[in-house]
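Okay, here's what each chain looks like letter by letter:
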Amino acid sequence: ITPIQYYLLTSMGIDEKIALTVTFATGLAVIGVTMINSTRKHKANGFIVKQHLKSMIVLSFLGAILGAILAQHIDVSILRLIFGVVCILSTLVLVIIKAPEDLTNIKTNAILFNSVAFFAGLISGLIGPAGGALAIPIFIAYLNYPITHTIGTNSALSIAISLAGVLTYILLGWGVPGLPDFSLG
């Protein structure tokens, strides 16, 4: 939905930078609401890995705040490029890497888990939900998560990332001239 919303806003005469940040914030809001139900279902099925989860949630939250702040200071053409590269890389990794089938070889290093969570939050805050798409291949390729647990654990992180990103975009965009009608920021 991100490219379509961006195109629609710019075709309505909204400034490119404002259109892109509104699009990223909207995407984060949609993902956040969707992930609440997803996380409940994944938790009920036992697909959320709780190892380091609390610290990962906090660090992904902080990363998303930093990403949303940085997005305000990065040229729109660079943000579009980052968005495209992340989408392509995520797709390639998912096609190339075979996901493990169980949790027997999952990494246990807290620094690695927390670094991935912060990075996922940072990229998501910077370019919206596509950052979460980057976290999924990282969980599979580097943390050795099976796909079921990757999706489940990332859905839990996505709630924190979305909340932090949306609130930061609202606070930084409040009262900015040129926003589309009915925008919060």
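Residues numbered from 1 in each chain as written. Predicted model: local features only at pLDDT ≥ 70, side-chain atom pairs only at ≥ 80, totals over all residues. Heavy atoms only, no water.

## Quick look at the nonpolar core
Here is step 1: Counting 41 residues, the largest nonpolar core has Phe24, Leu79, Ile127, Phe139, Tyr145, Leu157 and Tyr169 as its most contacted members.
Here is step 2: Broken down by secondary-structure element, the contributors of at least two residues to this core are α1 (2-11), α2 (16-44), α3 (53-71), α4 (76-96), α5 (110-127), α6 (130-141) and α7 (147-173).
Here is step 3: Once you skip the residues sitting within four places of it in the chain, Phe139 turns out to touch Met56, Val116, Asn144, Tyr145, Thr150, Thr153, Asn154 and Leu157. (Core = buried A, V, L, I, M, F, W, Y, C linked by side-chain atoms within 4.5 Å. Buried < 20%, exposed > 50% of the residue type's maximum accessible area, 1.4 Å probe, protein only. Helix = DSSP H or I, 4+ residues; strand = E, 2+ residues; numbered from the N terminus. Contact = heavy atoms within 4.5 Å.)

## Description of the pattern of salt bridges
Here is step 1: One pass over the structure, following the stated rule, counts 2 salt bridges.
Here is step 2: For Arg80, the salt bridge identified is with Glu16, shortest N-O distance 3.4 Å. In this pair, Arg80 sits in helix α4 while Glu16 sits in helix α2, placing the two residues 64 residues apart along the sequence.
Here is step 3: You can call Glu16 partly exposed: its relative accessible area is 38%.
Here is step 4: A salt bridge links Lys98 to Glu101; its shortest N-O distance comes to 3.4 Å.
Here is step 5: In this structure Glu101 comes out as exposed when scored by relative accessible area, which is 70%. (Salt bridge = Lys/Arg side-chain N within 4 Å of Asp/Glu carboxyl O.)

## Brief notes about the layout of surface pockets
Here is step 1: There is about 200 Å³ of room inside the second largest pocket.
Here is step 2: Those elements giving two or more residues to the lining of the second largest pocket turn out to be α2 and α7.
Here is step 3: Considering each element in turn, the lining of the second largest pocket owes the most residues, 4 residues, to α2.
Here is step 4: Its residues assigned to classes, the lining of the second largest pocket shows 9 nonpolar, 3 polar and 1 charged. (1 Å grid on protein atoms, 1.4 Å probe; cavity = no way out; pocket = protein on both sides within 12 Å on 5 of 7 lines; lining within 4 Å. Points joined across faces, edges and corners; volume = space filled by probe spheres on them. Nonpolar A, V, L, I, M, F, W, Y, C, P; charged D, E, K, R; others polar.)

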